[in-house]
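If you want the building blocks of each chain, they are given just below.
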Amino acid sequence: MRRSASILPLECTDVCYQTNGRTLLENVNFRLEHGKRTVVLGANGAGKSLLLRIVHGLLRPSRGSLRWRGPGAGQDHPPLSRESIPKDAQLRFQAMVFQRPVMMRRSVRANILYPLTLHGLSKHDANERADVALDLANLSEHAERPATLLSGGEQQRLAMARAWVLRPELLLLDEPAANLDPAATKQLEEMILSMHDEGVKIVMSTHDIAQAKRLAGEILFLHRGKMVEQSDAELFFHRPKTQQGQNFLSDQPDP
């Protein structure tokens, strides 16, 4: 359920990122709104993970701005301070899950409870939320197992449940299925669809065209650090506007 105070849309304007004399992102422009699942698509090294880290606030752009609506509206990156969020509101506005999740050396349930206790929920409320998250991730039967003993796919679903339990409005997923087998990937994608149905804005990076076709409502296509296309997914996959997009979909060498 979407909160009344929204941070979306996000306007990303002329964002650049440079390090050690190299430009890794150059003049990236896009707008994120509620509704469609957004897939950031591109070859390895295109800048997908870097862009998600900038949106999440882990890195600051060298130039350009990210501007959010809602609390913090009109302010440049970062969009919100934690102190600006009412204690009775949903707890976090955005969260990120990485390609290789970090598991705490605790049980599966304790991994989910930890962020809730940090945010001051009562034991009763935290356990209720944890039960819902475990069910969403199809991990209820593993609740008391050490998280480090889960399979790779189970750990990734746990990481997503741990992020989702704080009710983010925006969930950033950095190639979440990159290291998973087809069966684990299918379970993960079902979880992503369920989160979307719950009202979470999904922004996910991938280089997997087939996965993007299954999940994307819109495409942000990155090519060598530049945002080449922002398009409805169906239009992109049938009629990409650029030669780079056509080459990527047909797996031809870049010009």
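Sequence positions are assigned chain by chain, starting from 1 and proceeding in written order. Residue-level local features of this predicted model are given only where pLDDT is at least 70; pairs of side-chain atoms are given and counted only at 80 or more, and the full residue set underlies all totals for whole chains, interfaces and linings. Just so you know, side-chain values use all the structure's heavy atoms and leave hydrogens and water out.

Thoughts on the overall build of the protein chain
- Under the DSSP-based scheme used, a helix requires at least four consecutive residues in state H or I and a strand at least two consecutive residues in state E, with every element numbered from the N terminus. For the protein chain, the count of helices and strands is eight helices and nine strands.
- Relative accessible area decides the class of each residue, using a 1.4 Å probe on protein chains only: under 20% of the type maximum gives buried, over 50% gives exposed, and in between gives partly exposed. Across the 255 residues that make up the protein chain, the buried fraction comes to 50%.
- The contact criterion used throughout is that any non-hydrogen atoms of two residues lie within 4.5 Å. Across the protein chain, every contact between residues at least 6 apart in sequence was considered, and the portion connecting residues at least 24 apart equals 68%.
- When the accessible area of the protein chain is evaluated, it comes to approximately 12600 Å², of which 46% is carbon and sulfur surface. What sets the accessible areas is the Shrake-Rupley method with a 1.4 Å probe; for residues, cover comes only from the shown protein chains.

As for the confidence of the model for the protein chain
- Confidence scores per residue from the predictor, reported as pLDDT, run from 0 to 100. Predicted confidence across the protein chain gives a mean pLDDT of 88, with 87% of residues reaching 70 or more.
- Confidence drops under pLDDT 50 across residues 71-91; counting only partners more than four residues distant or on other chains, this segment forms 42 contacts.

So, the pairing of strand 1 (residues 10-19)
- Two strands pair if DSSP finds at least two bridges between them. Where strand 1 and strand 2 (residues 22-32) come together, seven bridges link them in antiparallel fashion. The residue of strand 2 that forms the bridge with Tyr17 is Leu25.
- The turn linking strand 1 back onto strand 2 is made up of two residues, and Asn20 within it adopts a positive phi angle of 50°.
- With five bridges connecting them, strand 1 and strand 4 (residues 63-68) associate as antiparallel partners. Paired with Leu10 across the strands is Trp68, a residue of strand 4.

Thoughts on the sheet that holds strand 7 (residues 201-206)
- The six strands are arranged 5-6-7-3-8-9 in an open sheet whose pairing can be described as mixed. Among the strands making up the open sheet, the edge pair consists of strand 5 (94-97) and strand 9 (226-232). Mean inter-strand twist for the sheet, computed between neighbouring axes without regard to direction, equals 15°.
- Of the strand pairs in this sheet, strand 3 (residues 38-41) and strand 7 are connected by four bridges, and their pairing is parallel. Bridging from a neighbouring strand, Val40 pairs with Ser205 of strand 7.
- A fitted line through C-alpha atoms represents every axis, and for helices the fit uses only the stretch in contact; the resulting angles, taken between N-to-C directions, go from 0 to 180 degrees. On top of the sheet, helix 1 (residues 48-56) reaches strand 3, strand 5, strand 6 (170-174), strand 7, strand 8 (218-223) and strand 9; it is set at about 150° to strand 6, its chief contact.

Section: helix 5 (residues 182-197)
- The length a helix should cover is 1.5 Å for every residue beyond the first. The first and last C-alpha atoms of helix 5 sit 23 Å apart over 16 residues, in line with the 22 Å expected at 1.5 Å per residue.
- Buried-residue contacts for helix 5 involve helix 3 (123-136), helix 4 (152-164), strand 6, strand 7 and helix 6 (209-215).
- Just beyond helix 5, the residue with positive phi is Gly199, at close to 100°.

Quick notes on the state of the cysteines
- What counts as a disulfide here is a pair of cysteine sulfur atoms lying within 2.5 Å. One pass over the structure, following the stated rule, counts zero disulfides.
- Cys16 takes part in no disulfide bond, and the closest cysteine sulfur to it belongs to Cys12, at a distance of 9.4 Å.
- Judged by relative accessible area, which is 1%, Cys16 ranks as buried.

Focus on helix 1
- Of all nine residues in helix 1, seven are buried; the element is thus mostly enclosed.
- Burial in helix 1 covers these residues: Lys48, Leu50, Leu51, Leu52, Ile54, Val55 and His56.
- With its phi angle positive at about 100°, Gly57 sits one or two positions after the end of helix 1.

A short note on the nonpolar core
- By convention a nonpolar core is built from buried Ala, Val, Leu, Ile, Met, Phe, Trp, Tyr and Cys residues, the set being connected through side-chain atoms within 4.5 Å. Core analysis: the biggest nonpolar cluster contains 38 residues, and Ile112, Leu158, Met160, Leu171, Leu173 and Ile202 have the highest contact counts within it.
- Take this core: its biggest share by element is six residues, from helix 4.
- In this structure, Ile202 is in contact with Lys36, Arg37, Thr38, Leu171, Leu173, Ile192, Met195 and His196, ignoring residues within four places of it in sequence.
- One finds Ile54, Trp68, Val203 and Leu220 within the second-largest nonpolar core, a separate group that totals 27 residues.

Considerations on the sheet that holds strand 1
- Read across the open sheet, the three strands follow the order 2-1-4; overall the sheet is antiparallel. Of all the strands in the sheet, the pair left with one neighbour each is strand 2 and strand 4. Within this sheet the neighbouring strands show an average axis-to-axis angle of 20°, counted without direction.
- Along the sheet, helix 1 contacts strand 1, strand 2 and strand 4; its crossing angle with strand 2, the most-contacted strand, is approximately 60°.

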